[in-house]
Amino acid sequence: MILSDDEKMMLDGVAGPAVAAAMDLLVRYGEALDCAHLCDVRNVAGTMTQPSPIKAKLVAQGGWDKAYAVINLDCDDDIEIPDMRVPTCQLQQGFGPDAEGVVPYPRGRIELQNDAEAFYGRRGVSILATCTPYQVGNIPVRGEHCAWMESSAVVYANSVLGARTNCEGTASTGAASLTGKIPCWGNHLTENRYGTHLVDVRVGVDDFLDWGMLGYFIGEIVQEQRPVVVGGIGQPEPIDLKHFGAAAASSGGVELYHIPGITPEAPTVAAAFGGVEPPDAIHYGPRERRATYEDLNSQGSTSDVDFVLLGCPHASIDQIWRAARALDGRRLSSGTQLWIMAPRALKTIADRSGYTEIIERAGGRILADSCPAMSQVVPVGTRVFATDSAKQAHYLPAFLGIEAWFGSLEDCVDAAVTGSWTGGLR
Ligand code: F3S
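A brief look at the structure comes next. (Residues numbered from 1 in each chain as written. Predicted model: local features only at pLDDT ≥ 70, side-chain atom pairs only at ≥ 80, totals over all residues. Heavy atoms only, no water.)

Right, let's talk about the site of the ligand for a bit. What surrounds the ligand is the set Gln92, Cys131, Glu150, Ser152, Gly311, Cys312, Pro313, His314, Cys371, Ala373, Lys391 and Gln392. Among the residues making up the shell around the ligand, the classes are represented as five nonpolar, five polar and two charged. Residue contributions to the shell around the ligand reach at least three from each of two domains, namely domain 1 (5-190) and domain 3 (301-418). (Near = heavy atom within 4 Å. Nonpolar A, V, L, I, M, F, W, Y, C, P; charged D, E, K, R; others polar. Domains from an automatic or database assignment.)

Our focus in this paragraph is the nonpolar core. Counting residues in each nonpolar core, the largest one holds 74 residues, and the members touching the most others are Val201, Leu214, Val308, Leu310, Ile320, Leu338 and Ile340. No other element matches the nine residues that helix α7 (residues 208-222) contributes to this core. The residues touching Leu310, leaving out its near neighbours within four places in the chain, are Ala323, Leu338, Trp339, Ile340, Met341, Asp388, Leu409, Cys412 and Val413. Listed in part, the 39 residues of the second largest apolar core include Ala21, Val27, Val44 and Ile79. (Core = buried A, V, L, I, M, F, W, Y, C linked by side-chain atoms within 4.5 Å. Buried < 20%, exposed > 50% of the residue type's maximum accessible area, 1.4 Å probe, protein only. Helix = DSSP H or I, 4+ residues; strand = E, 2+ residues; numbered from the N terminus. Contact = heavy atoms within 4.5 Å.)

It is worth spelling out the sheet that holds strand β3 (residues 88-90) at this point. As summarised here, the arrangement of the four strands in space is β4-β3-β2-β5, forming an open sheet in which the pairing is parallel. A strand with exactly one partner marks an edge of an open sheet, and here the two such strands are β4 (125-126) and β5 (147-148). Sheet topology note: the strand β2 (residues 44-46)/β5 ladder contains two bridges and is parallel. Considered in β5, the bridge of Ala45 is made with Trp148. (Pairing = 2+ DSSP bridges.)

Turning to the environment of Lys391, a few remarks are in order. Turning to its location among the elements, Lys391 is positioned in helix α15 (residues 390-400). Setting aside anything within four residues of it in sequence, one finds Lys391 in contact with Glu150, Ser151, Ser152, Ala246, Ser250 and Cys312. There is a polar contact of 3.0 Å between the side chain of Lys391 and the side chain of Glu150. (Polar contact = N/O pair within 3.5 Å; in protein donor to acceptor, adjacent residues only side chain to side chain.)

Turning our attention to the side chain of Ser177. Tracing the chain through its elements places Ser177 in helix α6 (residues 170-179). In this structure the side chain of Ser177 is engaged in a polar contact, spanning 3.2 Å, whose partner is the side chain of Thr88. Dropping the residues within four chain positions of it, Ser177 is found in contact with Val44, Met48, Tyr68, Met84, Arg85, Val86 and Thr88.

Turning next to the pairing of strand β11 (residues 337-342). Among the six residues that make up β11, five are buried, leaving the element largely enclosed by the rest of the structure. Of the pairings in the sheet, the one linking strand β10 (residues 307-310) to β11 comprises four bridges and is parallel in character. The residue bridging Phe307 from the neighbouring strand is Gln337, located in β11. Relative to strand β12 (residues 365-368), β11 is paired through four bridges, and the arrangement is parallel. Looking at the pairing, Trp339 lines up with Arg365 of β12.

Following both chains from N to C, one finds helix α2 (residues 17-32) and α6 inclined at 130°, their axes separated by 8 Å at the closest point. Regarding the angle of α2 to α6, the classification is oblique. As for the relative orientation of α2 and α6, their crossing is left-handed in sense. Along the contact surface, α2 presents Ala18, Val19, Ala22, Met23, Leu25, Leu26 and Tyr29, while α6 presents Ala171, Ser172, Ala175, Ala176, Leu178 and Thr179. When grouped by side-chain class, the residues that make up the contact of α2 with α6 number eleven nonpolar, two polar and no charged. (Axes fitted to C-alpha atoms, helices over the stretch in contact; angles between N-to-C directions. Parallel < 35°, antiparallel > 145°, perpendicular 65-115°, else oblique. Left-handed = near helix turned anticlockwise from the far one by under 90°.)

What follows is the structure in structure tokens.
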């Protein structure tokens, strides 16, 4: 790997042992990939504050410096962690103190996370605490090299914003934060950003439910490749693309897609494929749409619903308002809970706008910072849940052994109010 002078100096310890350890990790990572050089990054989205038993043990041994060294730098040395060198934000984490009494989540983890927030906040980690940093002000510009974790955020950054990031890990983002560097491979390189598959949509796709299903269908087919989507898709909103990418990243491993005329690197189909002849199209029509819906609903057999989960990826303010309207004047069934996951910054806006009051009057809750899949926790006794997120329908039954129903936000709210699933494809 060819290093610039400033990179060599960091590796030699001129900026201190933590930065040297970070550079050592990046060089090992880059060399394992046959990567020729590092690129400069000024936007890191990683995870430092997420509580875990191993982190608690490390903190007891050597404080938060030790925890960062081992978990975020893959380094066993006793080193002091300096301020972040470049703007860094915390993605989703565990639940906060306001979830106590609602979420069966250990108090010890909440306290550990509070300590972590204080330590890392003082070193320049912005506690956005969401899987959707792009909804709360972290919006990289087209062509900007970033180091982001979280598959749904990575696919949004690459595709909708035209930024350049691979799906990084805890250690590589930890090292990027202290150096402003990341190996320049994969999605950072123009030649790896052209489309590989053409998907022709022949059925109306005009709501985030449908966009989620389309993403889920495409991810299963293209896996980690780069779909180019054309046909009857209308004008998507950010929420639609949020659900589309998250679903494609969970059924497959899509990190980048193009929608000619919509996403920034694809003014035309020809541009999306880099001038290469597009392959034969994969078709998505009414039959594929129905099959995808049935696939996502193949994990539910009991119509009684204990738990309804909205907001994966974390809800936009429009989604919170839509849920409030659907719940207004109604009351949840006594045996059903409804949680809406949202960025804390947007929850503040929902509080101020009166949406939270409507939702809480009905018996629902807006919860920030985390989600059931991230924290592996649902209401006590949950056997069956319903969600409007293809991603949660994909993961939660596998993580927690519960049944899942997938449907529109309104079908999910109806399930929360009646306690049973009556949703269907319209
Ligand atoms: Fe976010 Fe959790 Fe979904 S972290 S993308 S709400 S699985």
